[in-house]
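# Tertiary structure, described
Take a look at the letters that make up each chain.
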Amino acid sequence: MRRAVCPGSFDPVTNGHLDIISRASRLYDEVVVAVLINKNKKSLFTVDERAGMISEVTKEYGNVRVDTFYGLTVDYCKEQDIPVIVRGLRAVSDYEYELQMAQMNHRIAGIETLFMATNPEYAFLSSSLMKEVVKFGGDASGLVPDLVHDRLVDRLREG
């Protein structure tokens with residue numbers, strides 16, 4: 001069985017993330033979306049909320065599973081016997097950072113990285129940008145799944 005992981009914080013998941021997850025699901029028998037538990041970063045949504053939203057918006061794929069992890073992605077890959085990390089690239093600046101990470105991951109664990117060019121329709125998207133747009137009353141509909149949009153608006157209007 002060919003397996004890959006799509007790791008990230010997904011705070012929140014965007015349509016750009018879903019584009020990469022969807023495309024990876026057509027290439028691999030199983031894609032694990034691994035939601036990072038980052039104890040040093042204050043997230044808008046808890047790891048369980050993020051994992052739940054991703055599970056909900058990826059349930060149509062059938063071969064996508066959502067999990068959470070803490071630590072190095074390569075350690076997670078070794079524990080789960082997953083040989084490939086899938087990463088989306090939005091811009092040249094992403095490539096420089098991601099290439100360094102891919103080379104380190106290969107060096108320390110023999111894990112391969114597959115880079116996917118992001119659909120140009122989503123190249124400007126980031127979770128941080130979506131939070132900022134909604135926080136200041138902007139419209140992020142169509143840039144995140146409807147379920148995520150509703151929860152994002154509710155959460156940012158609470159505080």
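The structure displayed is predicted, hence computed values, not measured ones. (Residues numbered from 1 in each chain as written. Predicted model: local features only at pLDDT ≥ 70, side-chain atom pairs only at ≥ 80, totals over all residues. Heavy atoms only, no water.)

### Side note on the sheet that holds strand β1 (residues 3-8)
What the five strands build is an open sheet, ordered β3-β2-β1-β4-β5; its pairing is parallel. Two strands lie at the open edges of the sheet, namely β3 (64-69) and β5 (112-117), each paired on one side alone. For this sheet the average axis-to-axis angle between neighbouring strands, irrespective of direction, equals 30°. Pairing between β1 and strand β4 (residues 84-89): two bridges, direction parallel. Across the sheet, the residue bridging to A4 is V84, located in β4. Sheet contacts for helix α1 (residues 15-27): β1, β2 (30-36), β3, β4 and β5; angle to β5, the most-contacted strand, approximately 125°. Each of β1, β2, β3 and β4 is contacted by helix α3 (residues 73-80), which is oriented at about 125° to β3, the strand it contacts most. (Pairing = 2+ DSSP bridges. Helix = DSSP H or I, 4+ residues; strand = E, 2+ residues; numbered from the N terminus. Axes fitted to C-alpha atoms, helices over the stretch in contact; angles between N-to-C directions. Contact = heavy atoms within 4.5 Å.)

### Describing α3
Every buried residue of α3 is listed here: T73, V74, Y76 and C77. For α3, the angular spread of the buried residues around the axis is 155°, confining them to a single face. Exposed and facing more than 90 degrees away from the buried side of α3 are K78 and E79. Its buried side turned inward, α3 meets β1, β2, β3, β4 and α4 (92-109). With its phi angle positive at about 60°, D81 sits one or two positions after the end of α3. (Buried < 20%, exposed > 50% of the residue type's maximum accessible area, 1.4 Å probe, protein only. Arc of directions from axis to C-beta.)

### Considering the packing of aromatic side chains
Per the counting criterion, the structure on display carries two aromatic pairs. With a centroid separation of 5.2 Å and 40° between ring planes, the pair formed by F69 and Y76 is classed as tilted. Its relative accessible area of 6% is what places F69 among the buried residues. Over the ring of Y28 we find R2, and its NZ or CZ is 5.8 Å from the ring centre. Taking NZ or CZ as reference, K39 lies 4.2 Å from the ring centre of Y70, over its face. (Phe/Tyr/Trp six-rings, centres within 6.5 Å; stacked < 30°, edge-to-face > 60°. Lys NZ or Arg CZ within 6 Å of the ring centre and 35° of its normal.)

### Concerning a nonpolar patch on the surface
A cluster of nonpolar side chains, namely L72, M104 and I108, defines an oily patch on the protein surface of about 290 Å² accessible area. Residue position: I108 is located in helix α4. By relative accessible area, I108 is classed as partly exposed at 45%. (Patch = residues over 30% accessible without salt bridge, like charges linked within 9 Å, V, L, I, M, F, W, Y side chains within 5 Å. Areas by Shrake-Rupley, 256 points an atom, 1.4 Å probe, with all protein chains shown as cover. Salt bridge = Lys/Arg side-chain N within 4 Å of Asp/Glu carboxyl O.)

All quantities given are derived from atomic positions and should not be read as evidence of function.
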